[in-house]
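Fold and contact review
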Amino acid sequence: MKHNNSSKSNEYIKFLKKEKRKKFIVVCLQILLLVGIIAIWEILAKTGSIDIFITSCPSRILETIIDLAKDGNLWLHISTTLYEAIIGFAIATILGSIIAIILWLNTTLRKVLDPFLVVINSLPKIALGPLIIIWVGIGTTSIVVMDVLIMIIITTLTMLSAFVNCDNNKIMLLKSFGANKYQTLTKLIIPNSICEFIGVLKVNVGLTWVGTIMGEYLNSRAGLGYLIVYGSQIFNLDLVMASTVILCILAGIMYFCVAWFEKIIKKKYSA
């Protein structure tokens, strides 16, 4: 028995090492791919194979970012957009999940609102931009509202689907032990929907930047969306590309934060 246990533990250690090696290789390939794209882009720009007025190039983008930092404007625009994105992300995710819980608890209300949620989700949110400005005014509030509108319905529908599709046999088992709806929700439905919730967070990481930049396109005096619009108006493509690169970096950081949160949640529920 001891020999079997030791052999199993050795196999598990080998398996973990193999998985770590695979992850390391994937990360190295990702870095090489990114470096390769940047290098090819720069070489094509330096040799004149592409028009840098239209496409810019990594070196000019870096110079633009450094100039913005020296002027003191870079941190203002980054902090403005980051604040709007995080606030919209948090409100939409929390509020959408709460609405999904309410609809799961009330079957009649769910059936009444289901077609309306689908129709509202299909609406192009940018079309509501002028109305949002009229309703809440110009500034951060209208940008956050635009951000929330883009995410909240998809969050609600995804979480509601996860709640409704929970194994009915498990629900009946809890009911047979005398569990009420609140106990069923907290002990089964929510824990069973953790994977879907993590998926919603990952989707919302992308959508929150879409909503924020769309909001800044409509009305803003600061932010990365404002820089993109301003750069387009004066045909400064270096500024546009620099702002886009910063957006990609911020979105990447936000995604890794969600991935870190996912690891914590998985450890908690696997323990």
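Residues numbered from 1 in each chain as written. Predicted model: local features only at pLDDT ≥ 70, side-chain atom pairs only at ≥ 80, totals over all residues. Heavy atoms only, no water.

Section: the packing of helix α6 (residues 129-136) against helix α7 (residues 140-164)
One way to put it is that α6 packs onto α7 with a least axis distance of 9 Å and a crossing angle of 130 degrees. When the interaxial angle is binned, α6 and α7 end up oblique. Note that α6 runs across α7; the crossing there is right-handed. Here G129, I132 and V136 of α6 come into contact with α7, specifically with T141, S142, V145, M146 and L149. Of the residues in the contact of α6 with α7, the class split is 5 nonpolar, 3 polar and no charged. (Axes fitted to C-alpha atoms, helices over the stretch in contact; angles between N-to-C directions. Helix = DSSP H or I, 4+ residues; strand = E, 2+ residues; numbered from the N terminus. Parallel < 35°, antiparallel > 145°, perpendicular 65-115°, else oblique. Left-handed = near helix turned anticlockwise from the far one by under 90°. Contact = heavy atoms within 4.5 Å. Nonpolar A, V, L, I, M, F, W, Y, C, P; charged D, E, K, R; others polar.)

Quick look at helix α9 (residues 181-192)
One turn of the α-helix equals 3.6 residues, which is why residues spaced by three or four share an orientation. The complete set of buried residues in α9 reads T184, L185, L188 and I189. Around the axis of α9, the buried residues are gathered within 130 degrees of arc, so they sit on the same side. Among the exposed residues of α9, those oriented more than 90 degrees off its buried face are Y182 and K187. Structurally, the start of α9 carries an N-cap: the backbone nitrogen of Y182 is 3.2 Å from a side-chain oxygen of N180. (Buried < 20%, exposed > 50% of the residue type's maximum accessible area, 1.4 Å probe, protein only. Arc of directions from axis to C-beta. Polar contact = N/O pair within 3.5 Å; in protein donor to acceptor, adjacent residues only side chain to side chain.)

Some remarks on the nonpolar core
Of all hydrophobic cores here, the largest spans 44 residues; its most connected members are I189, L224 and I246. If one sorts the elements of this core by residue count, helix α12 (residues 237-270) sits on top with 9 residues. Setting aside its immediate chain neighbours within four residues, I189 contacts W104, F163, C166, I171 and T184. (Core = buried A, V, L, I, M, F, W, Y, C linked by side-chain atoms within 4.5 Å.)

As for the environment of Q183
Looking at the secondary structure, you find Q183 in helix α9. Exposure remark for Q183: the relative accessible area of 35% places this residue in the partly exposed category. Expressed as a C-alpha distance, the spacing of Q183 and L95, which sit 88 residues apart in the sequence, is 21 Å. Setting aside anything within four residues of it in sequence, one finds Q183 in contact with G178 and L188.

Details of the environment of K46
Here K46 is to be found in helix α1 (residues 2-46). Remark: the alpha-carbon pair of K46 and S59, spanning 13 residues in sequence, is separated by 9.9 Å.

A short note on the packing of aromatic side chains
Within the structure shown, the criterion is met by 2 aromatic pairs. Seen from their ring centres, Y226 and Y230 are 6.2 Å apart, and the 10 degrees between their planes marks the pair as stacked. With Y226 and Y230 both in helix α11 (residues 224-233) and 4 residues apart, this pair spans about one turn of that helix. (Phe/Tyr/Trp six-rings, centres within 6.5 Å; stacked < 30°, edge-to-face > 60°.)

Purely geometric numbers; function is a separate question.
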